[in-house]
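One-letter residues, chain by chain:
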Amino acid sequence: MFVPTKWQTMLGSGLVALTLALPGPSLAGPVAERQKSGERVPFTAGEMATARPEGLAQAVRIAGDDPKAFQTLIDGASKAAEPWLVLSGGGENGAFAAGLLKGWTESGSRPEFGIITGVSTGAMIAPFAFIGSSEDAALAKAYTEVSAADVFEFGATNEALTDTWPLKRRIERSVTGNLLKAVAAEHDKGRRLLVATTAVDGERPVLWDMGAIAKAANDPKDRPRALDLFRSVVLASSAVPGVFPPVMIDATGLDGKAFQEMHADGGTMTPYYLAPESTLLDADGGAVHLPTRTIYLVVNNKLTPDFQVATRSTLSILGRSMSAAIKAQTRTALALSRTFAERKGLDLRIAQIDGRFTRTSSAPFDQGYMKALFAHGAKLGREGSAFEGDAVAGDVPTGGTTRRVKAAERPYDLAGR
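Bear in mind the structure is a predicted one, so any value in this text is a computation, not a measurement.

For helix α13 (residues 314-344), spanning 31 residues, the distance from its first C-alpha to its last is 44 Å, which sits close to the expected 45 Å at 1.5 Å a residue. All buried positions along α13 are accounted for by S316, G319, S323, I326, K327, T330, A333, L334, S337, F340 and A341. Where α13 begins, the capping side chain belongs to S313, and its oxygen is found 3.3 Å from the backbone nitrogen of S316. Where α13 ends, the next residue or the one after it, G345, has phi of about 70°, a positive value.

Looking now at unusual backbone geometry. Even without being a glycine, S120 presents a positive backbone phi close to 60°. Inspection of the secondary structure assignment puts S120 in the loop between β4 (115-118) and α6 (121-131). Of the residues examined, S120 reaches a relative accessible area of 0% and is grouped as buried. You will see that D282, though not glycine, has its phi angle at about 60°, which is positive. Tracing the backbone through its elements, the reader meets D282 in the loop between α12 (277-280) and β11 (294-299).

Here we come to the packing of aromatic side chains. How two aromatic rings sit relative to each other is given by the distance of their centres and the angle of their planes. Counted under the stated rule, the structure contains nine aromatic pairs. Each ring, one from W104 and one from F113, has its centre 5.5 Å from the other, and the planes form 65°; the classification is edge-to-face. This pair shows no difference in class: W104 is buried, exactly as F113 is. Judged by relative accessible area, W104 falls into the buried class, the value being 6%. One cation-aromatic arrangement involves R191 over F130; the distance from NZ or CZ to the ring centre is 4.4 Å.

All chains considered together, the criterion is met by 19 salt bridges. A salt bridge links K221 to D219; the nearest nitrogen and oxygen atoms lie 3.7 Å apart. Under the relative-accessibility criterion, K221 is labelled exposed at 63%. One salt-bridge network, held together by shared partners, links K102, E106 and R382.

What follows deals with the pairing of strand β7 (residues 192-199). A large share of β7 lies buried, amounting to eight of its eight residues. Burial along β7 is two-sided: R192, L194, A196 and T198 and L193, V195, T197 and A199, pointing in opposite directions, are all buried. In the sheet, β7 pairs with strand β8 (residues 204-209) via six bridges, with the strands oriented antiparallel. When the bridges of β8 are listed, L194 appears paired with D209. Hairpin connection, β7 to β8: the antiparallel pair is bridged by four residues, and E203 has positive phi, about 55°.

What follows covers the nonpolar core. In terms of nonpolar packing, the biggest core is built from 73 residues, with L85, I116, Y143, W208, M210 and I213 touching the most fellow members. I62, I74, L274 and I350 belong to the second largest nonpolar core, which has 31 residues in total.

What follows is about the packing of helix α5 (residues 94-107) against α6. Interhelical geometry of α5 versus α6 gives an angle of 15° and a closest axis separation of 9 Å. The orientation of α5 with respect to α6, classified from their angle, is roughly parallel. Where α5 crosses over α6, the two elements pack in a sense that is right-handed. Where α5 abuts α6, its residues G94, A97, A98 and L101 lie against T121, I125 and A129. Of the residues in the contact of α5 with α6, the class split is five nonpolar, two polar and no charged.

With that settled, the discussion passes to helix α7 (residues 136-144). In an α-helix, one turn spans 3.6 residues, which is why side chains three or four residues apart end up on the same side. Of all the residues in α7, the buried ones are D136, L139, A140, A142, Y143 and T144. The inward-facing, buried residues of α7 contact α5, α6 and α14 (367-383).

What follows is about the pairing of β8. In terms of burial, β8 is a largely internal element, five of the six residues being buried. In this sheet, β8 lies alongside strand β2 (residues 61-63) in antiparallel orientation, the contact comprising three bridges. Residue pairing for β8: R61 is matched across the bridge by W208.

Rules behind the numbers
- Residue indices begin from 1 for each chain and proceed along its sequence in written order.
- Only residues with pLDDT of 70 or above have their local features reported here, since the model is predicted, and side-chain atom pairs are shown and tallied only from 80 upward, although totals for entire chains, interfaces and linings are computed over all residues.
- Working from all heavy atoms in the structure, the side-chain values ignore hydrogens and water.
- Helix and strand definitions here come from DSSP, where helices need a minimum of 4 consecutive H or I residues and strands a minimum of 2 consecutive E residues; each element is numbered from the N-terminal end.
- In this analysis, the expected span of each helix is defined as 1.5 Å times one less than the number of residues it contains.
- Partly exposed describes any residue whose relative accessible area lies between the buried limit of under 20% and the exposed limit of over 50%, with all areas from a 1.4 Å probe on protein chains only and scaled to the type maximum.
- Any pair of N or O atoms that falls within 3.5 Å is considered a polar contact. Within protein, one atom must be able to donate a hydrogen and the other to accept it, and sequence-neighbouring residues count only if both atoms are side-chain atoms.
- Working definition: a ring pair exists when centres of Phe, Tyr or Trp rings (six-membered ring for Trp) sit within 6.5 Å. Plane angles under 30 degrees give stacked, over 60 give edge-to-face, the rest tilted.
- The rule for a charge over a ring is simple: NZ of Lys or CZ of Arg within 6 Å of the ring centre, and within 35 degrees of the ring normal.
- Criterion for a salt bridge: a side-chain nitrogen of Lys or Arg within 4 Å of a carboxyl oxygen of Asp or Glu.
- For two strands to be treated as a pair, DSSP must find at least two bridges joining them.
- Put simply, buried Ala, Val, Leu, Ile, Met, Phe, Trp, Tyr and Cys residues joined by side-chain atoms within 4.5 Å make one nonpolar core.
- Here the axes come from fitting lines to C-alpha atoms, over the contacting stretch only for helices, and the angles between their N-to-C directions go from 0 to 180 degrees.
- Orientation is classified from the angle alone, with under 35 degrees giving roughly parallel, over 145 giving roughly antiparallel, 65 to 115 giving roughly perpendicular, and any other angle giving oblique.
- Should the near helix be turned anticlockwise from the far one by less than a right angle, the crossing is termed left-handed; should it be turned clockwise, right-handed.
- Residue contacts follow a heavy-atom distance rule, with two residues in contact if any of their heavy atoms lie within 4.5 Å.
- Gly counts as polar in this scheme, as do all residues outside two lists: the nonpolar Ala, Val, Leu, Ile, Met, Phe, Trp, Tyr, Cys and Pro, and the charged Asp, Glu, Lys and Arg.

Below you can see the structure in the form of structure tokens.
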């Protein structure tokens, strides 16, 4: 299977996310047949707004742009005052966050996060991080031992350029009830695991309470549907539109009407999820009180331009354009988050792939690159120099040299230098 060089940059927020042995949909049974047929039952925005995933009585999601619903969700988490961990998309660059978590554990200073949110590759990492440091080894393996063949093969359909059957098989082998039990146990402690997808039909973000889904699996009659839904949500958060197939989720309206919702990459709406957009913008009616004072944001991406002469091909042109768009979107989101944090008096600490990491990737899923990035993240995690604003001083590259500075004096710009 041939994958054009640098295609992983094009897929930025989702490709490596899909390489992890974590949730995705089961294609067995009537759902698969409906997906293959391409036929969809029509429904309205109102019907989708009040629908629930088929077979689950409890509420397991909210509209990600609804500040009141978000406030209610976090108010129900007794541990929400503890530090938050926000994980961005970034494809194979998720190796950075995976390594950072491992090094953070080794430093002995890794917090128990009250809220963890994930988008795209961040959605794949989030369940591991939520369960705790016992899953560091699983994360290391997932982000250093994968290849493109473990994820997809080219085979265009009406929905996407690729077929992800290899990933689906990995998911079926890897996701067990034990994972959901572990997530449910942490949920019962008052912590929350939240994953964002994009509702393609409604053009709105959807925020899924993964712990609530996991708890539904405690009921034997709900277990199969809960397991399928947990898988589907994380896969959907990573399904780059047009590149990977969207995920169809069975839903039932208040009147009993059954239909399928189409969900895709959470990164389509936002590179990471901190709070509803209206809250970040301080728009009327968007006020949300975050009970935490400290937020750790991990940006799994390089935000500086990456020069490469594009070929006169669809994939190359699309890839370069998407890479630029993702970086621009992330820089804008960071500026907005910084303003929000200053306005609310929050300690927002940002880690990103900055000038301290200079290695480049020669091909998609380059294991040498991913291992080096994982090791880099682990080193920063151990040293306590990953996050802007860390209490521990860090090495900051300046004009080709490195100097030691105090955290309070640490320079930062949107280029990551």
